[in-house]
Amino acid sequence: MASLEDFVALSLTPLSWRRDLGSDLRSGRPPGEMLDQLIATQGARRRHSARRYAIVDLRARAEAALALAQARRIAPLPWNDPDYPPALAAVHDPPPMLWTRGHRPVLASMAVAIVGSRAGSPYAIAVAERLAGELASRDVLVVSGLARGVDSAAHRGAVGTSGRTVAVLGSGVDVIYPREHAALADAVADRGLLLSELAPGTSPHPYFFPLRNRIISGLSRAVVVIEAGEKSGSLITARCALEQGRDVLAVPGNILTGRNRGGHALLRDGAKIVETADDILDELGADTMPSGTATTARAGPAGDALSNPVLRALIEGEPADLDVIADRTGMPASRLLPRLFELEMCGLVCRLGGGRFMRLDRSC
């Protein structure tokens, strides 16, 4: 039986060791078994690492991380928890563990990521705040990275409309970086969520920020890039999004400054131009009415069960993970998720732990 300590210990190994563990996690393989194999195989190649990541030491560190989380009111979210976001569960290298502060139910909402330059121009800041506010007012979850510039503007825009937003950190959720965003982080946690794959107490490190970008895109249906230069970290998020089958959109900017060459390159490669939130929601096929009701697809998601390929692929009362459903329908996992979410909202599908879904005749 999978234990919380095993998931934490697995998450404490280097990411390079576990880049290909997604299929093992989705198959339900016990984390303790995966951990033992990683130590045996990776440790044999890197003897110095084997000593550092010994089983006993990893499990002791896992216990310490859980104790610190409890003391600081940080909620652990392991892979097998029903609240683990299925969109993220579908990516190639999902985190075995997430650590959260705030309101986890927001992870069930349709999400759009807004990312861009840390040294954003006044134009970029204004556009990020406006787009985030428009999306949040339509009950769309705004995802970003709490960085300076566009990221923080997106969070402020969502919070300013009393909307929901998720900040994915490149540190533990109890170590806010940059420090001047401590008040903003509290505001995000008040209505949304602070989230990280890094254990509590972990300090920020340059290596962590590119890694967290796959989580930002993995949580989202689409990624919107605002003012990205040719070497912007936002382009890493965009690349992750494309690899994960997400939509990538970009806001056009001033051609004279060179600040937006990366964003314009995305547009030349086929990214949709974004001017308003309606452009984003149109691309996703979602309702654009700004109301207190949840955003849903225009077309009836359930339809006749006999004509719905996703429902036909599910056997009532029998859980199935995304890989199984993808094999049965011939659809990629990334394209299945929106349909499964819509079916869940109609009470025809229930979401279980470990990225699994089950067909129902009633709401779960």
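Counting restarts for each chain, with residues numbered from 1 along the sequence as it is written. The predicted nature of this model means local features are confined to residues of pLDDT at least 70 and side-chain atom pairs, given and counted, to a pLDDT of 80 or more, with totals for whole chains, interfaces and linings taken over all residues. To obtain the side-chain values, all non-hydrogen atoms of the structure were used and water was disregarded.

## Some points on the packing of helix α7 (residues 122–137) against helix α8 (residues 150–160)
Lines fitted to the C-alpha atoms define the axes, with helices restricted to the stretch that makes contact. Angles between their N-to-C directions range from 0 to 180 degrees. In this description a helix means any DSSP run of H or I spanning at least four residues, a strand means any run of E spanning at least two, and both kinds are numbered starting from the N terminus. At a minimum axis distance of 7 Å, the contact between α7 and α8 shows a crossing angle of 35°. In the packing of α7 onto α8, the handedness of the crossing is right-handed. Together, A124, I125, A128, E129, A132, G133 and A136 of α7 and V150, A153, A154, R156, G157 and A158 of α8 make up the contact between the two elements. Looking at the contact of α7 with α8, its residues break down into 9 nonpolar, 2 polar and 2 charged. Left-handed describes a crossing whose near helix is turned anticlockwise from the far helix by less than a right angle; the clockwise case is right-handed. By definition, residues are in contact when any of their heavy atoms lie within 4.5 Å. Residue type decides the class: Asp, Glu, Lys and Arg count as charged, Ala, Val, Leu, Ile, Met, Phe, Trp, Tyr, Cys and Pro as nonpolar, and the leftover types, Gly among them, as polar.

## Considering the confidence of the model for the protein chain
Predictor confidence is given residue by residue as pLDDT, running from a minimum of 0 to a maximum of 100. The predicted model of the protein chain has a mean per-residue pLDDT of 83, with 85% of residues at 70 or higher. Every residue in residues 288–304 scores below 50 in pLDDT, and together they form 38 contacts with partners more than four places removed in sequence or on other chains.

## As for the pairing of strand β6 (residues 193–196)
Residues L193 and L195 point to one face of β6 and L194 and S196 to the other, with burial holding for every one of them. Only strands that DSSP links by at least two bridges are regarded as paired with each other. Strand direction decides the pairing type here: strand β2 (residues 97–102) and β6, joined by 4 bridges, are antiparallel. Bridging across to β6, G102 finds its partner in L193. When strand β5 (residues 165–168) meets β6, the two strands line up parallel, connected through 3 bridges. Residue pairing for β6: V168 is matched across the bridge by L195. When the strands point away from the viewer and the connection leading from the first strand across the helix to the second strand turns clockwise, the crossover is called right-handed. Read from β5 through helix α9 (residues 182–191) to β6, the crossover connection turns out right-handed. Exposure categories follow from relative accessible area, calculated using a 1.4 Å probe and restricted to protein chains: below 20% of the type maximum is buried, above 50% is exposed, and the middle band is partly exposed.

## Examining the pattern of salt bridges
Only one rule defines a salt bridge in this text: a Lys or Arg side-chain nitrogen within 4 Å of an Asp or Glu carboxyl oxygen. Scanning the model with the defined rule gives 15 salt bridges in all. R59 serves as the salt-bridge partner of D6, at 3.1 Å between the closest nitrogen and oxygen. Note that D6 is positioned in helix α1 (residues 4–11) and R59 in helix α5 (residues 55–71), a separation of 53 residues in sequence. The exposure class assigned to R59 is partly exposed, which follows from its relative accessible area of 27%. Between E180 and R148 there is a salt bridge, with the nearest N and O atoms lying 2.6 Å from each other. A residue pair is termed long-range when its members are at least 10 positions apart, and E180 in the loop between β5 and α9 and R148 in the loop between β4 (141–144) and α8 qualify at 32 residues. Each of the salt bridges in this network shares a partner with another, and the network as a whole consists of D24, R29 and E33.

## So, the sheet that holds strand β10 (residues 320–321)
If you trace the 3 strands from one edge of the open sheet to the other, you get β10-β12-β11, paired in antiparallel fashion. Two strands close off the open sheet at either side, each with one partner strand: β10 and β11 (349–351).

## Some remarks on the nonpolar core
As used here, the term nonpolar core means buried Ala, Val, Leu, Ile, Met, Phe, Trp, Tyr and Cys residues forming a set that is joined through side-chain atoms within 4.5 Å. Counting 63 residues, the largest nonpolar core has W99, V143, V166 and L194 as its most contacted members. Residue contributions to this core peak at 5 residues, all from α5. If we ignore the near neighbours within four places in the chain, the residues touching L194 are W99, T100, R101, A167, L169, V173, I176, A185, V188 and A189. Ranked by size, the runner-up nonpolar core spans 27 residues in total, among them V112, V127, L135 and V224.

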